[in-house]
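Descriptive analysis of the structure
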Amino acid sequence: MKRIITIVGTSLFTNYMQPEVRRILDKKYNDVSEYLERYGNFPTDGLIDKMKAQEMNSSRNKIEETIKKKWLTGIERVCRDGQWEWKTANNGSSNVDASAEITSIRKIIDDLKEDIEVHLITTDTVSSVIAAGIIAGFLPEIIPGIKVYYQQEIYEGGEKAGSVIADLQVTDRDKFARDGLRRLVDKVDWLVASLGRENLAINITGGYKAVIPYLTIMAQIYNLPIYYVFEDTDLLLKIPHIPVDVDWNIFNKYTDEFNILEKEDIVNSKQFDYQFRTDCASCLDIDGNDIALGPMGQILYKRLQSQRFVFYASDEVWKQIGEQKDIYRI
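Residues numbered from 1 in each chain as written. Predicted model: local features only at pLDDT ≥ 70, side-chain atom pairs only at ≥ 80, totals over all residues. Heavy atoms only, no water.

Before going further, it helps to examine the packing of helix 8 (residues 173–195) against helix 9 (residues 212–221). Running from amino to carboxyl end, helix 8 crosses helix 9 at an angle of 30°, the nearest separation of the two axes being 11 Å. By crossing handedness, the relation of helix 8 to helix 9 is classed as right-handed. Touching L181, L184, V185, V188 and D189 of helix 8 are Y214, L215 and M218, all from helix 9. The class makeup of the residues in the contact of helix 8 with helix 9 is seven nonpolar, no polar and one charged. (Axes fitted to C-alpha atoms, helices over the stretch in contact; angles between N-to-C directions. Helix = DSSP H or I, 4+ residues; strand = E, 2+ residues; numbered from the N terminus. Left-handed = near helix turned anticlockwise from the far one by under 90°. Contact = heavy atoms within 4.5 Å. Nonpolar A, V, L, I, M, F, W, Y, C, P; charged D, E, K, R; others polar.)

Right under this line is the structure:
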């Protein structure tokens, strides 16, 4: 069974709010834009924290009910004269193109011709979390045999549960770049370690377009295929692994420096010499006197760590190993 990591965006709502859909549904159309404009980019803890959620839940229930009743049934997308358009469908029929995530997952299954297991990841926004919850419930209704994993818990790093990546949002650029992207890399790395690379792929069709370059590079470094669906053409693009040459020696040369940056989120740049900052600039995030491991450095360093193993030996055993050239080389 193939396992697909899928980033969830807000196309479930933006598709519904298209003028064309509003015109087709006419009096049956229920507007959800006010709620999304008011709460959509709020951090997710507003939904997870019970006290904060009280203000939002009434409106949230209404938007979920609207999408499920008005958008996921009774409407479909058809191609006429080479153009995609929406039209009303028979009552009870499912809208299998309601969002970029739903469409792409269907296309991936058609390509693989086997059952899949989907692992949803969301941004740290109310709209993304609500969309993921709806999609997680809808996919098993339209795709027999599919397994969907989604946990509405905030992921802050490490080997923890939670599908909501803390600080992966667009309202604060620094938090997005320094914290959100780092946690996204952590989460994908953890999924790769937990699920294995052999039957794993990344679906980059949904979610923030700003994360696509990082997920693409990460997939290449980890030897994972990538799937992407062009919304206007409905064409599934599969990007296979290509040979990527990385100078891993740079990490061996500066092992101590990278170990420090891996353990500490932010370090004073004066702690490192000029040569390190110059040689490894593409792997670092430097802001004034602050220096941190950038998303690119994190991706490469984690990949290198996954290829290493640690063992312990007494001084006597280590001395004997050093005397055996073949064993020491291994």
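So, about the side chain of S163. With respect to the helices and strands, S163 occurs in the loop between strand 6 (154–155) and strand 7 (164–165). Within the structure, S163 has its side chain in polar contact with the backbone oxygen of L120 (distance 3.4 Å). Not counting residues up to four positions away in its chain, the partners in contact with S163 are L120, I121, T122, Y150, Q151 and E153. (Polar contact = N/O pair within 3.5 Å; in protein donor to acceptor, adjacent residues only side chain to side chain.)

All right, on to the sheet that holds strand 12 (residues 284–287) then. Pairing within the open sheet is antiparallel, and its three strands lie in the order 11-13-12. Each edge of the open sheet is held by one strand with a lone partner, namely strand 11 (267–268) and strand 12. As paired strands, strand 12 and strand 13 (residues 290–293) are joined by four bridges and run antiparallel to one another. By the bridge assignment for strand 13, D285 is matched with A292. Sheet strands in contact with helix 11 (residues 255–263) are strand 11, strand 12 and strand 13, and its direction is about 90° off that of strand 13. (Pairing = 2+ DSSP bridges.)

Before going further, it helps to spend a moment on helix 8. Relative to the 33 Å expected for 23 residues at 1.5 Å per residue, helix 8 spans 31 Å between its end C-alpha atoms, a close match to the ideal helical length. Taken as a whole, helix 8 carries its principal kink of about 30° at G180. You can read the cap of helix 8 off the contacts: a side-chain oxygen lies 3.1 Å from the backbone nitrogen of D174, and it is on D172. Positive phi appears at G196, one or two residues downstream of helix 8, with a value of about 90°. (Expected span 1.5 Å × (residues − 1). Bend = angle between axes of the 7 residues up to and from the residue.)

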